[in-house]
Amino acid sequence: MRCWRLAVLCGLLLLAACECSAPPLPNDAYVWQRRWTPALNHALADSADMLRAWRVLAAELRADGAWFEATPDLAALAATGRPVVLVLRLDGRVGALSEADIDARAAALLSAWRGAGIALTGLEIDYDCPTARLPAYSALLAKLKARLPQDLRLSITALPTWLESAALTELLAVPDETVLQVHAVLNPAQGSLFDARRARAWLAAYADRTAKPWRVALPAYGSRVAWDEQGQIVAVESERPALIPGGRSAELLVAPDTIAAFVATLDRDRPAGLAGIAWFRLPTQTDTRAWSLPTWRAVLARHPLTPALAVAAAAPGPGGARDVLLSNRGSTDAPLPFIVRLDARCRAADGINGYTLEYDRQGGYLRRARDGLLRAGAERAIGWIRCDAATPSFHVQP
């Protein structure tokens, strides 16, 4: 009896150890750039070791019904040695979709990419359609899947707004895999593209609606959003420049430590069927609204994030003016501080590059006028001073 109890105890301990040592969720990355550049090719080569697969934008059906094809460097993509999911984006504002047109476009691109040596594993449709169109979308997907080569899996992106629809069950039965998007511009006043509590609720609800493997799309970028006097969003600028109209606008950010903490909860307690993370989008060194590559790699690798902001005065220039320099000496991108208080011995000052000079009872300070991230290792002038002190002091308030 003692031996039997000992064996049961050992089995339970072994099971617990296996559960605790479950590997982190695998990472995919969306390559969403319309125009490929040397910086993008560098990011591909530098990030391939961290990823399971690429999800690459190949073409987009625009709102006016015309197709736009991206210009991927297929040789650079093939050289990474990673599996590729070819993505067709269909603008949600398009009216009736042409099944024959979409099928022909997909077939031509799949054939061309395979001929270029791409290790294709699937086709993904990214269609942010209104909930009322889900039945028609299901029918289109069923016909598209029937003509897809048997060695390719069909994937689609899914929206949390579909969760309340009874038609979602029929839709999710068609593709082999889905990707739930939990980053969105919902309320510019919130100042973020991502809400961890809301996202966790969406994931739990989605897990109850699908019986097939699925992934969650998480953001590694920011957006500039403009809205009118009624609070309606009128423009969003993310991976592409946009014509931002007059009125109110804001930079919506997703801090790396926020997403890293969320990923840690998924690794510990993943919803049923969750097979991995699909990152939107692959950062490059020239993408000013995405995290830096080192920061992104640190989040993917589940490494500690250690920002370290410092403020100092540069050497005096003509007339005695000195730049106020904000630097990030840490290993990860950091949000710009809200306030930088100036030395009381400074007799003149002003803010630049997104900072304004203001005063209160404590004296002068530079206030952040626009949100943003300062990349690891980067430095930015945020103002200038004329100061009697040889080494002015500053106080940073997050």
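Keep in mind that this is a model prediction, so the values were computed, not measured.

1. Points about the overall build of the protein chain
Part 1 of the reasoning: In terms of helices and strands, the protein chain carries nine helices and 22 strands.
Part 2 of the reasoning: For the protein chain, buried positions account for 48% of its 398 residues.
Part 3 of the reasoning: Taking the contacts inside the protein chain whose residues are at least 6 apart along the sequence as the reference set, 73% of them involve residues at least 24 apart.
Part 4 of the reasoning: On the protein chain, roughly 18,900 Å² of surface is accessible, and the fraction owed to carbon and sulfur atoms is 55%.

2. Observations regarding the packing of aromatic side chains
Part 1 of the reasoning: In the structure shown here, the tally under the stated rule is nine aromatic pairs.
Part 2 of the reasoning: Between the aromatic rings of tryptophan 32 and phenylalanine 280, the centroid separation amounts to 5.4 Å while the plane-to-plane angle is 70°, which identifies the pairing as edge-to-face. One end of the pair, tryptophan 32, is in the loop between β1 (27-31) and α2 (38-47); the other, phenylalanine 280, is in strand β12 (residues 274-280), with 248 residues separating them in the sequence. Grouping residues by exposure puts tryptophan 32 and phenylalanine 280 together as buried.
Part 3 of the reasoning: Members of the aromatic cluster, joined through ring pairs, are Tyr30, Trp32, Tyr221 and Phe280.

3. Some remarks on the sheet that holds strand β14 (residues 322-328)
Part 1 of the reasoning: In space, the four strands of this open sheet follow the order β13-β14-β21-β17, with antiparallel pairing throughout. Of all the strands in the sheet, just β13 (309-313) and β17 (346-351) have a single pairing partner and so form its edges. Taking the axes of each pair of neighbouring strands and ignoring which way they run, one obtains an average angle of 25° across the sheet.
Part 2 of the reasoning: Where β14 lies against strand β21 (residues 379-387), six bridges are found, and the strand directions are antiparallel.

4. Observations regarding the pairing of strand β19 (residues 363-368)
Part 1 of the reasoning: The pairing of strand β16 (residues 339-341) with β19 spans three bridges and is classified as antiparallel. By the bridge assignment for β19, arginine 341 is matched with tyrosine 365.
Part 2 of the reasoning: Here strand β18 (residues 355-360) runs beside β19; their pairing, made up of six bridges, is antiparallel. Within β19, the position partnered with tyrosine 355 by the bridge is arginine 368.
Part 3 of the reasoning: The loop that links β18 with its antiparallel partner β19 comprises two residues.

5. A word on the sheet that holds β19
Part 1 of the reasoning: Spatially, four strands are ordered β18-β19-β16-β22 in an open sheet, and the strand pairing comes out antiparallel. Edge positions in the sheet fall to β18 and β22 (395-397), since each of these pairs with one other strand and no more. Strand after strand, the sheet turns through a mean of 25° between neighbouring axes, direction not considered.
Part 2 of the reasoning: Pairing of β16 with β22, which is carried by three bridges, proceeds in the antiparallel orientation. Bridge assignment links arginine 341 to a residue of β22, and that residue is histidine 395.

6. Concerning the environment of aspartate 388
Part 1 of the reasoning: Among the structural elements, aspartate 388 can be located in the loop between β21 and β22.
Part 2 of the reasoning: The sequence separation of aspartate 388 and glycine 320 amounts to 68 residues, and the corresponding C-alpha distance is 9.4 Å.
Part 3 of the reasoning: Other than its neighbours up to four places away in sequence, aspartate 388 contacts Arg345 and Arg347.
Part 4 of the reasoning: Side chain to side chain, aspartate 388 and arginine 347 meet in a polar contact 2.8 Å long.

7. Overview of the packing of helix α7 (residues 196-209) against helix α8 (residues 256-268)
Part 1 of the reasoning: Remark: α7 packs on α8, axes separated minimally by 11 Å, with the N-to-C direction vectors making an angle of 30°. Relative to α8, the element α7 lies roughly parallel. For α7 against α8, the interelement crossing comes out right-handed. Residue-level contacts link Ala196, Ala199, Arg200 and Leu203 of α7 to Phe262, Thr265 and Leu266 of α8.
Part 2 of the reasoning: A per-class count over the contact of α7 with α8 returns five nonpolar, one polar and one charged.

8. Here's the deal with α8
Part 1 of the reasoning: Its 13 residues give α8 an end-to-end C-alpha distance of 19 Å, which sits within 8% of 18 Å, the value for a rise of 1.5 Å per residue.
Part 2 of the reasoning: Taken together, the buried positions of α8 are Pro256, Ile259, Phe262, Val263, Leu266 and Asp267. For α8, the buried positions fall inside an angular range of 145° around the axis, keeping them on one side.
Part 3 of the reasoning: Summarising the contacts, the buried residues of α8 are in contact with α7, β8 (214-219), β12, α9 (293-300) and β20 (373-374).

9. Some words on unusual backbone geometry
Part 1 of the reasoning: Of note, the bond from phenylalanine 280 into arginine 281 is cis; its omega dihedral lies within 30 degrees of zero at 5°.
Part 2 of the reasoning: Counting through the fold element by element, arginine 281 comes out in the loop between β12 and α9.
Part 3 of the reasoning: One non-glycine residue, asparagine 353, lies in the positive phi region at around 50°.

10. Considering the environment of valine 299
Part 1 of the reasoning: Secondary-structure assignment places valine 299 in helix α9.
Part 2 of the reasoning: Along the primary structure valine 299 and proline 256 are separated by 43 residues, whereas in three dimensions their C-alpha atoms are 7.2 Å apart.

11. Considering the environment of aspartate 151
Part 1 of the reasoning: Topologically, aspartate 151 is positioned in the loop between α5 (134-146) and β6 (153-158).
Part 2 of the reasoning: Apart from the residues within four sequence positions on either side, aspartate 151 is in contact with Arg114 and Thr121.
Part 3 of the reasoning: A distance of 2.4 Å separates a polar atom in the side chain of aspartate 151 from a polar atom in the side chain of arginine 114.

12. Digging into α2
Three or four residues apart is the spacing at which side chains of an α-helix point the same way, because the helix has 3.6 residues per turn.
Part 1 of the reasoning: Within α2, the full set of buried residues consists of Ala39, Leu40, Ala43, Leu44 and Ser47. Down the axis of α2, the sector holding all buried residues measures 145°, keeping them to one side. Pointing more than 90 degrees away from the buried face of α2 are the exposed residues Pro38 and Ala45.
Part 2 of the reasoning: Tucked inside the fold, the buried residues of α2 contact β1, β2 (53-61), α3 (74-79) and α9.

Cut-off values and rules
Per-chain numbering applies: the sequence of each chain, read as written, is numbered from 1 onward. Reporting in this predicted model follows two pLDDT cut-offs: at least 70 for local features of residues, and 80 or more for side-chain atom pairs to be given and counted; totals over whole chains, interfaces and linings ignore these cut-offs and use all residues. Hydrogen atoms and water are omitted, and side-chain values are computed over all heavy atoms in the structure. Segments assigned H or I by DSSP are reported as helices when at least four residues long, segments assigned E as strands when at least two residues long, and all are numbered from the N terminus. Residue exposure (1.4 Å probe, protein chains only): buried if accessible area is under 20% of the type maximum, exposed if over 50%, otherwise partly exposed. We call two residues in contact when some of their heavy atoms are within 4.5 Å. Each accessible area is a Shrake-Rupley result for a 1.4 Å probe, and residues are judged covered by the shown protein chains and nothing else. Aromatic pairing here means that ring centres of Phe, Tyr or Trp (its six-membered ring) are within 6.5 Å. Orientation follows from the plane angle: under 30 degrees is stacked, over 60 is edge-to-face, and everything else is tilted. Note: two strands are recorded as paired if DSSP finds a minimum of 2 bridges between them. Lines fitted to C-alpha atoms define the axes, with helix axes restricted to the stretch in contact, and inter-axis angles between N-to-C directions lie between 0 and 180 degrees. Two N or O atoms form a polar contact when they lie within 3.5 Å of each other; inside protein one atom must be a possible hydrogen donor and the other a possible acceptor, and for residues adjacent in sequence the pair counts only when both atoms belong to side chains. In what follows, roughly perpendicular refers to angles from 65 to 115 degrees, roughly parallel to angles under 35, roughly antiparallel to angles over 145, and oblique to any angle outside these ranges. What makes a crossing left-handed is the near helix being turned counterclockwise from the far one by less than a right angle; a clockwise turn instead makes it right-handed. Classification used: nonpolar for Ala, Val, Leu, Ile, Met, Phe, Trp, Tyr, Cys and Pro, charged for Asp, Glu, Lys and Arg, polar for all others including Gly. Take the number of residues in a helix, subtract one, and multiply by 1.5 Å to get its expected span. Regarding the arc, it is the one traced by the directions from the helix axis to the C-beta atoms.

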